[in-house]
Amino acid sequence: MTSRMTESQLTEHIVPVAGKSIFVAEIGAGPAVVMLHGGGPGASGVANYSRNIDALAQRFRVIVPDMPGYGRSDKGVDHSDPFGYLALMIRGLLNELGVGSAHLVGNSYGGAAALRLALDTPQRVDKLVLMGPGGIGTTRGLPTAGLKSLLSYYGGDGPRREKLASFIRDYLVYDGASVPDDLIDLRYAASIDPEVVANPPLRRPSGLRALWRMDLTRDSRLQTLTTPTLVLWGRDDKVNRPSGGPMLLNLMPNAELVMTSHTGHWMQWERADLFNRLVTDFLSADSTFAHG
């Protein structure tokens, strides 16, 4: 398995965006690649992509923010249109960094934010990589068991380490035994930040309008979005339904789909070497994915 990166190699800074502070880590040089993490309790950018950043930094300028509401970024998200809000903030971050357009890599919640950003301002996105993205067919059936576990974390008796360990080991990955205790401890410590507990960034949509806004497959712009897109999905994903992969493949004009067996919701961690090869190839100018 790919070794964990050395965090001392990263340049870390706080960037002001629309009155909020966004934490960003950067490494590498070349075309900009922005990596957006998922929305589970205690998530953050560098931790989410710890097995991928070094590999991509060999070819690209890798930009890894903590999404609003997470990690070392300011808390608070507009729950009436969360994906639109996140897209707005990430676009603002690109403006502050002087990045005109970038490749976007998004996992789950971050995948929904990346896709919404491309739908709203396609000229800002060169290529998209979406791993088990949120917002795909979410109004077409009941929530998955994994999503229910995620959304109930701050409810009931509140956040507990046992609840987080269950979410990660039972739902986030295919092989729960592969997840070390220190990763659980790190995520748990972040999840009980008092500001996060008071205002969790990911919650059940309130009202039909918010629910429909969060189902990106109902956005008519998806069928005319020509951004080259690589969709990656674990066949055994228990958080976002794997049927979302073929759905995107059939809706988007320039989508490619790779699905893998014995893989849950966290492909970039569980299948890191494969993920790194696929994404490096796809984002490269001489990509073998290119149509010709």
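Residues numbered from 1 in each chain as written. Predicted model: local features only at pLDDT ≥ 70, side-chain atom pairs only at ≥ 80, totals over all residues. Heavy atoms only, no water.

Student: Which parts of the structure should I look at to understand helix α3 (residues 82-97)?
Tutor: Residues lying three or four places apart along an α-helix face the same way, a consequence of the helix completing one turn every 3.6 residues. An ideal rise of 1.5 Å per residue puts 22 Å on 16 residues; α3 measures up with 23 Å between its terminal C-alpha atoms. Burial within α3 is extensive, with 13 of its 16 residues counted as buried. Among the residues trailing α3, Gly 98 stands out with phi positive, at a value near 70 degrees. (Helix = DSSP H or I, 4+ residues; strand = E, 2+ residues; numbered from the N terminus. Expected span 1.5 Å × (residues − 1). Buried < 20%, exposed > 50% of the residue type's maximum accessible area, 1.4 Å probe, protein only.)

Student: Hey, could you run me through the UniProt feature "domain: AB hydrolase-1" (unreviewed entry) in the protein in this one?
Tutor: In the numbering adopted here, UniProt assigns the feature "domain: AB hydrolase-1" (unreviewed entry) to residues 31-133 and 219-271. What you have in residues 219-271 is 23% helix and 23% strand, and the ends, taken at the C-alpha atoms, are 31 Å apart. (UniProt positions renumbered as here; feature names shortened; annotations may be inferred.)

Student: It is not clear to me how the pattern of salt bridges should be interpreted in this structure. Could you clarify?
Tutor: Between side chains of opposite charge, a pair can form when the charged atoms approach closely. Across all of its chains, the model carries 15 salt bridges by this definition. Where Asp 286 meets Arg 59, a salt bridge forms, and the shortest distance between an N and an O atom there is 4.0 Å. With a gap of 227 residues between them, Asp 286 in the segment after α12 (272-283) and Arg 59 in the loop between α2 (53-57) and β4 (61-65) connect regions that are remote in the sequence. With a relative accessible area of 61%, Asp 286 lands in the exposed category. The exposure class of Arg 59 is partly exposed, given its relative accessible area of 42%. The partner of Asp 219 in a salt bridge is Arg 221, and the shortest N-O contact between them spans 2.8 Å. Through salt bridges with shared partners, a single ionic network connects Asp 81, Arg 116, Asp 120, Asp 219 and Arg 221. (Salt bridge = Lys/Arg side-chain N within 4 Å of Asp/Glu carboxyl O.)

Student: Where do I start with empty space enclosed by the protein in this structure?
Tutor: Unfilled space is identified by rolling a water-sized probe across the atoms. One pass over the full model with this rule turns up one cavity of 30 Å³ or more. Forming the boundary of the largest cavity are 13 residues, of which Gly 38, Gly 39, Gly 40, Leu 172 and His 265 lie nearest the centre. Partitioning the lining of the largest cavity into residue classes produces five nonpolar, seven polar and one charged. (1 Å grid on protein atoms, 1.4 Å probe; cavity = no way out; pocket = protein on both sides within 12 Å on 5 of 7 lines; lining within 4 Å. Points joined across faces, edges and corners; volume = space filled by probe spheres on them. Nonpolar A, V, L, I, M, F, W, Y, C, P; charged D, E, K, R; others polar.)

Student: Help me out: how do you make sense of the pairing of strand β6 (residues 125-131) in this one?
Tutor: It is a general feature of regular strands that their side chains alternate between the two faces of the sheet. The buried fraction of β6 is high, at six of seven residues. The pairing of strand β5 (residues 102-107) with β6 spans five bridges and is classified as parallel. Looking at β6, one finds that Leu 104 is bridged to Leu 128. Once the chain exits β5 it traverses helix α4 (residues 109-120) before rejoining the sheet at β6, and the crossover so formed is right-handed. (Pairing = 2+ DSSP bridges. Right-handed = clockwise from strand over helix to strand, strands pointing away.)

Student: Help me understand the side chain of Asp 66 in this model?
Tutor: The topology assignment puts Asp 66 in the loop between β4 and α3. Arg 72 provides the closest opposite charge to the buried, salt-bridge-free Asp 66, at an N-O distance of 4.8 Å. Contact partners of Asp 66, with chain neighbours within four places excluded, come to Ile 22, Phe 23, His 37, Ser 44, Gly 45, Gly 71, Arg 72 and Ser 73. (Lys, Arg positive; Asp, Glu negative; His and termini not counted. Contact = heavy atoms within 4.5 Å.)

Student: Teacher, can you tell me more about the packing of α3 against α4 here?
Tutor: Angle between the axes and distance between the axes are the two parameters that describe a pair of packed helices. In contact at an axis separation of 8 Å, α3 and α4 are set at 75 degrees when each is read in the N-to-C sense. If you check the angle between α3 and α4, you find them roughly perpendicular. In this structure, α3 contributes Phe 83, Gly 84, Leu 86, Ala 87, Ile 90 and Arg 91 to the contact, and α4 contributes Tyr 109, Ala 112, Ala 113, Arg 116, Leu 117 and Asp 120. Of the residues in the contact of α3 with α4, the class split is eight nonpolar, one polar and three charged. (Axes fitted to C-alpha atoms, helices over the stretch in contact; angles between N-to-C directions. Parallel < 35°, antiparallel > 145°, perpendicular 65-115°, else oblique.)

Student: What is the right way to read the pairing of strand β3 (residues 32-36) from this model?
Tutor: Burial of β3 is extensive: five of the five residues sit out of reach of the surface. Bridging between β3 and β4 involves three bridges; their strand directions are parallel. In the strand pairing of β4, Val 34 is matched with Ile 63. One ladder, built from four bridges, connects β3 with β5; its direction is parallel. Bridge pairing in β5 links Met 35 to Val 105.

Student: How do you make sense of the environment of Thr 138 when you look at a structure like this?
Tutor: Tracing the backbone shows Thr 138 in the loop between β6 and α5 (145-151). C-alpha separation for the pair Thr 138 and Thr 217, spaced 79 residues apart in sequence, amounts to 8.4 Å. Setting aside chain neighbours within four positions, we find Thr 138 in contact with Met 214 and Asp 215.

Student: Is there a simple way to explain the packing of aromatic side chains in this structure?
Tutor: For any pair of aromatic rings, the description consists of the separation of the ring centres together with the inter-plane angle of the planes. Tallying each qualifying case throughout the model produces five aromatic pairs. Note on Phe 83 and Tyr 109: the rings are 6.2 Å apart at their centroids and 70 degrees apart in plane angle, and the pair reads as edge-to-face. A residue pair is termed long-range when its members are at least 10 positions apart, and Phe 83 in helix α3 and Tyr 109 in helix α4 qualify at 26 residues. Across the pair, exposure class does not vary: Phe 83 and Tyr 109 are buried alike. For the ring pair Tyr 153 and Tyr 154, a centre distance of 4.9 Å and an interplane angle of 85 degrees mean the geometry is edge-to-face. You can call Tyr 153 buried: its relative accessible area is 2%. A connected cluster of aromatic rings, assembled from ring pairs, spans Tyr 70, Phe 83 and Tyr 109. Against the face of Phe 282 rests Lys 127, its NZ or CZ located 5.3 Å from the ring centre. (Phe/Tyr/Trp six-rings, centres within 6.5 Å; stacked < 30°, edge-to-face > 60°. Lys NZ or Arg CZ within 6 Å of the ring centre and 35° of its normal.)

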